[in-house]
Each structure stands twice: as structure tokens, then as C-alpha cells.
Amino acid sequence: VAFRKNKVFAWGVLGILVAAMAGFGLGGVLSGGLVTTVASVGDQDIEVDEFVSAFRDRQSVITQQLGRPISTIEARSVGLDQVVLQELIRGATLEGEALEQGIGVSDRIVQAELLRQPGFQDLSGGFDSEMYEFALQNAGLTASQYDAQLRSQAQQQLLATAIAEGASVGSA
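What you are looking at is a predicted structure, and each value in this text was computed from that prediction instead of being measured.

I'm lost on the overall build of the protein in this one. Help?
A count of helices and strands for the protein gives eight helices and two strands. Seen in sequence order, the protein has helices and strands lined up from the N terminus as α-α-β-β-α-α-α-α-α-α. Split into buried and exposed, the 172 residues of the protein put 28% on the buried side. Pairs at least 24 apart in sequence give 59% of the contacts found in the protein among residues at least 6 apart.

Encoded structure:
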């Protein structure tokens, strides 16, 4: 019952944050304004750099899907900035809840996940450190920043699994 209350509370906070941010207008952030934080979730801040990087990554995926470049203005006109912000807020909420619940991910799990990334594998399926370094350089990330992203994603997945298992056990 306590876990279910925590879940409801976390999703309630997420909803309030998303609603509050909906009218925020992220134009200044995308055009390089002086803002350093686009949102805060608990003790975690979502920094401008993180938002811009996620936005550009998603913009790049859409460009590839459409087969033509999509401008920042065009991406914003279809609400991509809000979608990216909502995803970052959801991720920060899940990460905060995972930390609060004591859900952690070991370095060994992060390393295993890194080695499984298809973008860093050579033709034989082995890890290619040159491809890894090239990809990080192109993304503007350090190895520790990428490891932190992998750790965060794994924590979020563990929490989502725990919530799903708790929901199915609670509903039985």
C-alpha cells in the first residue's frame, strides 16, 4: 500500500510539473538564452545542456526518418520541445524515485550494458573502442557522462519493472 501511494505521489508530481512547464516556452533555451535549468524534479535539475542535447538527438532521428532536415522552428511547431522536456522530467522523476527506493546499478551492469550497445560493436559483434570514442566525441560526451546516462536508464528500467510487478501483484 505504501509503495502504491509513493507511485501515485510520484506520478502526481510529474503531472503537475508537466502542466507547469507546458506554458513555460522553451524558445529561449533553444536559442541559447541565459537560463541554466529548464526544470527541477525533487533535488535534480534538468540542465539546459541536457535538454538541448536530447532535443537535437530527437531532431536528428526525425531528420533521418523524414529523409530531409527538420529545422528547430519546425520541430518546435510540432511540439518536439515539449515532448523532449516531458521525457526528461519523467526520467528525472523515475531516477529520483529509484534513488529514494534504494535501487542502484553496479559498475559491472553499466559495463555489460556498454558492451551490448550495437553502435559500438565491430563486424564480429565485439566491442570497438574506436567506434565508441568516435561516437562519444560526435555526441559531445565524455565516457563518464555516457556511463551516467547508461546507469540512469538502467535504474529507471529497474524501477519501471518493480512498479509493473508491484501493480500486477497488487491487482491479483
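What follows picks up the thread again.
Can you walk me through helix H5 (residues 80–100) in this structure?
For an α-helix, the turn length of 3.6 residues means that residues three or four places apart are oriented alike. Taking 1.5 Å per residue as the helical rise, H5 with its 21 residues ought to reach 30 Å, and the 30 Å between its terminal C-alpha atoms agrees with that figure. With its phi angle positive at about 80°, Gly102 sits one or two positions after the end of H5.

So what exactly am I meant to see when it comes to the nonpolar core here?
Nonpolar side chains in soluble globular proteins tend to end up buried together. Judged by nonpolar contacts, the single largest core of 17 residues is most densely connected at Ile46 and Phe51. Within the residue set of this core, elements represented by two or more residues are strand S1 (37–41), helix H3 (48–66) and H5. Here the element with the most residues in this core is H5; it accounts for six residues. One finds Leu114, Phe120, Leu136 and Tyr146 within the second-largest nonpolar core, a separate group that totals eight residues.

I'm lost on the packing of aromatic side chains in this one. Help?
For any two aromatic rings, the description comes down to two numbers: the centre-to-centre distance and the angle of the planes. Per the counting criterion, the structure on display carries six aromatic pairs. The interplanar angle of 55° and the centroid separation of 5.5 Å between the aromatic rings of Phe127 and Tyr132 together place this pair among those described as tilted. Given a relative accessible area of 31%, Phe127 falls into the partly exposed group. These aromatic residues form a ring-pair network of at least three members: Phe120, Phe127, Tyr132 and Tyr146.

Can you help me understand the environment of Phe55 in this one?
Mapped onto the fold, Phe55 is located in helix H3. The exposure class of Phe55 is buried, given its relative accessible area of 0%. Expressed as a C-alpha distance, the spacing of Phe55 and Val84, which sit 29 residues apart in the sequence, is 6.0 Å.

Can you help me understand the confidence of the model for the protein in this one?
Close inspection of predicted coordinates is inappropriate in any region flagged by low pLDDT. In this model, the protein carries an average pLDDT of 80, and 77% of its residues clear a pLDDT of 70 or more. Here helix H2 (residues 27–30) is the element of the protein with the lowest mean pLDDT, 49, and helix H4 (residues 72–77) is the one with the highest, 94. Low pLDDT (under 50) marks residues 17–29, which in the prediction has 25 contacts with non-local residues, meaning those over four places away or in another chain.

Please explain a negative patch on the surface as it appears in this structure.
Side chains of Asp43, Asp45, Glu47, Asp49 and Glu50 sit close together on the surface and give a patch of like negative charge. Mapped by element, the contributors of at least two residues to the negative patch are strand S2 (44–47) and H3. The residue Asp49 is located in helix H3 in this model.

Quick question: what am I supposed to make of the layout of surface pockets here?
Unfilled space is identified by rolling a water-sized probe across the atoms. In this structure, the largest pocket spans a volume of roughly 1,300 Å³. Along the wall of the largest pocket there are 34 residues; nearest its centre are Ala54, Asp57, Leu88, Gln149 and Gln153. Sorting the residues of the lining of the largest pocket by element identifies S2, H3, H5, helix H7 (129–139) and helix H8 (143–171) as the ones contributing at least two each.

What counts, and at which threshold
- Every chain begins its residue count from 1, and numbering advances along the sequence as written.
- Per-residue local features are limited, in this predicted model, to residues with pLDDT of at least 70; the limit for side-chain atom pairs, both in listing and counting, is 80 or more; totals at the level of whole chains, interfaces and linings are taken over all residues.
- Excluding hydrogens and water, the side-chain figures rest on all heavy atoms present in the structure.
- The helix and strand labels rest on DSSP assignments: H or I over at least four residues marks a helix, E over at least two residues marks a strand, and numbering proceeds from the N terminus.
- The rule is simple: take the accessible area with a 1.4 Å probe, protein chains only, and divide by the maximum for that residue type; under 20% is buried, over 50% is exposed, in between is partly exposed.
- Here a residue-residue contact requires only that any non-hydrogen atoms of the pair lie within 4.5 Å.
- Here a helix's expected span is defined as the number of its residues, less one, multiplied by 1.5 Å.
- Grouping buried Ala, Val, Leu, Ile, Met, Phe, Trp, Tyr and Cys residues that are joined through side-chain atoms within 4.5 Å yields what is termed a nonpolar core.
- Side-chain rings of Phe, Tyr and Trp, where Trp is taken by its six-membered ring, are said to pair if the distance between their centres is within 6.5 Å; with planes under 30 degrees apart they count as stacked, over 60 as edge-to-face, and otherwise as tilted.
- Known as pLDDT, the predictor's per-residue confidence is scaled from 0 to 100.
- Only residues whose relative accessible area exceeds 30% and that form no salt bridge are eligible for patches; like-charged ones are grouped when within 9 Å, while nonpolar side chains (Val, Leu, Ile, Met, Phe, Trp, Tyr) are grouped when within 5 Å.
- Only the protein chains shown count as cover for residues, and the accessible areas themselves come from Shrake-Rupley with a 1.4 Å probe.
- Salt-bridge detection follows one rule: a side-chain nitrogen of Lys or Arg within 4 Å of a carboxyl oxygen of Asp or Glu.
- By the counting scheme adopted, Arg and Lys are positive, Glu and Asp are negative, and His together with the chain ends is not counted.
- To locate a charge, take NZ of a lysine, CZ of an arginine, CG of an aspartate or CD of a glutamate.
- Every definition here rests on a 1 Å grid over the protein atoms only: cavities are sets of points where a 1.4 Å probe fits but cannot get out, pockets are open sets enclosed by protein on both sides within 12 Å along at least five of seven lines, and lining residues have some atom within 4 Å of a point.
- Grid points are joined across faces, edges and corners, and a volume is the space filled by probe spheres set on the points.

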